[in-house]
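Observations on the model geometry
Below are the chains, spelled out letter by letter.
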Amino acid sequence: MAIGFLNLDKPAGFTSHDCVSKVRRAMQQRLVGHGGTLDPAATGVLPIAIGRATRFLQYLPSQKRYRATFQLGRESTTDDAEGEILRTTSAIAIALPDVELALQQFSGEIAQVPPIYSAIRKQGKRLYELAREGVKPEEIDIQPRAVQIQRIELLDWRAGELAEVDVDIICGAGTYIRAIARDLGRALGVGGLMSVLRRSQSGAFLEADSIPLETFLALEHPEAVLKPVESALTGLPAVRLETDAARRWCCGQAIALPKLSDIRSDINDINNDSPPNLDSPLVQVLSDRDDFLGLGRAESDRLLPERVLASRG
């Protein structure tokens, strides 16, 4: 059975689960999962794990990069163009310097109130379920959450009654891009929503290396485009085990912690130049032939199994 990660370019009109279902059928494997939901209208990088690679989905780097278009002058129920329009206000008086100044408040660690149309649980239900039942945002105590925006850059600006701004955003886990559009519009006094969203990076997965869903489904040998599991686990140092230690570790035993190797992190951040995170308790575990065995947890002077890819006899 195939094992690895697919760097899929998700088309508009499909849910992330739709893509998983299509990949599952193409690969003829039940064990398939994705590494970060994209809304149906959004496009771009969607990491998909095949086979035992699904064991490592939770360890993928959380950093994401997006290109988005924000429309100023309209607000919707969903904070994007897919929802019901609640208000329309002329944005003709908004100028580029106003937008540049307002965008500065969305850099670094910010407190963000998630959209009511989100999968966060409240009162025993998903927020989007409450919204579909007619519950208004002001009727629910949605607490702000701390999110990290590493960079937000203005790419283009189009003034008008419904002005538009294109942005490039690098952010951490849990960030809602449409909430930034909503809050930017409010900061400018005219309201805002997100009209276009494309994810250009998810951890180690880049837009330039992604494969469109239609192209993937037409492949005679789809397993040929899968990436090895270890290629997705960037930013972690590695240890190499001799044959006997590797066998014992793969069988669930803790072993003496070897010295961390000085390996290169191919895509640890957006500039591809950061060293491995030596402060992380997690390490990649390799055989003496550099075969990837799984993830270990370094505790004191011991190396414990965290996720083992396969047993070694």
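Residues numbered from 1 in each chain as written. Predicted model: local features only at pLDDT ≥ 70, side-chain atom pairs only at ≥ 80, totals over all residues. Heavy atoms only, no water.

**Digging into the nonpolar core**
Core analysis: the biggest nonpolar cluster contains 30 residues, and F70, L72, I169, I177 and L184 have the highest contact counts within it. Mapped onto this core, the elements with two or more residues apiece are strand 4 (64-72), helix 2 (96-103), strand 10 (145-158), strand 11 (163-171), helix 4 (177-187) and strand 12 (192-202). A per-element tally of this core places strand 11 first, with five residues. Dropping the residues within four chain positions of it, L184 is found in contact with F70, L72, A102, L103, F106 and V165. Judged by nonpolar contacts, the second largest core, of 18 residues, contains F5, V45, V229 and A238. (Core = buried A, V, L, I, M, F, W, Y, C linked by side-chain atoms within 4.5 Å. Buried < 20%, exposed > 50% of the residue type's maximum accessible area, 1.4 Å probe, protein only. Helix = DSSP H or I, 4+ residues; strand = E, 2+ residues; numbered from the N terminus. Contact = heavy atoms within 4.5 Å.)

**A look at the environment of V113**
Note on placement: V113 falls in the loop between strand 7 (108-112) and strand 8 (121-122). Classification of V113 by relative accessible area gives partly exposed; the value is 32%. Remark: the alpha-carbon pair of V113 and I142, spanning 29 residues in sequence, is separated by 6.7 Å.

**What about the pairing of strand 1 (residues 4-10)?**
The buried fraction of strand 1 is high, at seven of seven residues. Where strand 1 lies against strand 3 (residues 43-50), seven bridges are found, and the strand directions are antiparallel. If you follow L8 over to strand 3, its bridge partner there is L46. (Pairing = 2+ DSSP bridges.)

**What to know about the pattern of salt bridges**
By the definition in use, this model includes 18 salt bridges. The salt bridge partner of D183 is R182, with a shortest N-O separation of 2.8 Å. R182 shares its class with D183; the two are buried. (Salt bridge = Lys/Arg side-chain N within 4 Å of Asp/Glu carboxyl O.)

**Considerations on the layout of surface pockets**
Considering only enclosed or pocket space, the largest pocket measures out at about 1300 Å³ in volume. Surrounding the largest pocket, 46 residues form its lining, T37, L38, D39, Y176 and R178 being those nearest its centre. Of all the secondary-structure elements, those providing two or more residues to the lining of the largest pocket are helix 1 (16-27), strand 4, helix 3 (127-132), strand 10, helix 4 and strand 12. At five residues, strand 12 tops the list of elements feeding residues into the lining of the largest pocket. Looking at the lining of the largest pocket, its residues break down into 22 nonpolar, 16 polar and eight charged. Lining of the second largest pocket is provided by 23 residues; of these, S76, T77, L86, I116 and P137 occupy positions nearest its centre. Where the lining of the second largest pocket is concerned, the elements lending two or more residues are strand 5 (74-76), strand 6 (85-88) and helix 4. Split into classes, the residues belonging to the lining of the second largest pocket amount to 11 nonpolar, four polar and eight charged. (1 Å grid on protein atoms, 1.4 Å probe; cavity = no way out; pocket = protein on both sides within 12 Å on 5 of 7 lines; lining within 4 Å. Points joined across faces, edges and corners; volume = space filled by probe spheres on them. Nonpolar A, V, L, I, M, F, W, Y, C, P; charged D, E, K, R; others polar.)

**Observations regarding the packing of aromatic side chains**
Two measures describe an aromatic ring pair: the distance that separates the ring centres and the angle between the ring planes. On inspection of all chains with the given rule, the structure shows two aromatic pairs. Aromatic pair F5 and F205: ring centres 5.7 Å apart, planes at 55°, arrangement tilted. You can see F5 sitting in strand 1 and its partner F205 sitting in strand 13 (residues 205-206), a full 200 residues away along the chain. On the basis of relative accessible area, F5 is assigned to the buried category, the value being 0%. Residue class for F205 comes out buried when judged on its relative accessible area of 2%. (Phe/Tyr/Trp six-rings, centres within 6.5 Å; stacked < 30°, edge-to-face > 60°.)

**Focus: the state of the cysteines**
Applying the stated rule across the entire model yields zero disulfides. The structure places no disulfide on C171, whose sulfur is separated from the nearest cysteine sulfur, that of C19, by 20 Å. For C171, a relative accessible area of 0% gives the class buried. The thiol of C250 is not disulfide-bonded; the next cysteine sulfur, from C251, is found 6.9 Å away. (Disulfide = S-S within 2.5 Å.)

**Here we look at the side chain of Q284**
Here Q284 is to be found in strand 17 (residues 282-287). Dropping the residues within four chain positions of it, Q284 is found in contact with E230, L233, L236, P237, A238, V239, F292, G294 and L295.

**Observations concerning the pairing of strand 12**
Within strand 12, nine of the 11 residues are buried, which leaves it mostly tucked inside the rest of the structure. With two bridges connecting them, strand 12 and strand 13 associate as antiparallel partners. Opposite S202, over in strand 13, you have F205 as the bridge partner. Joining the antiparallel neighbours strand 12 and strand 13 is a turn of two residues, in which G203 adopts a positive phi near 60°.

Any functional reading would require information that these geometric values do not contain.
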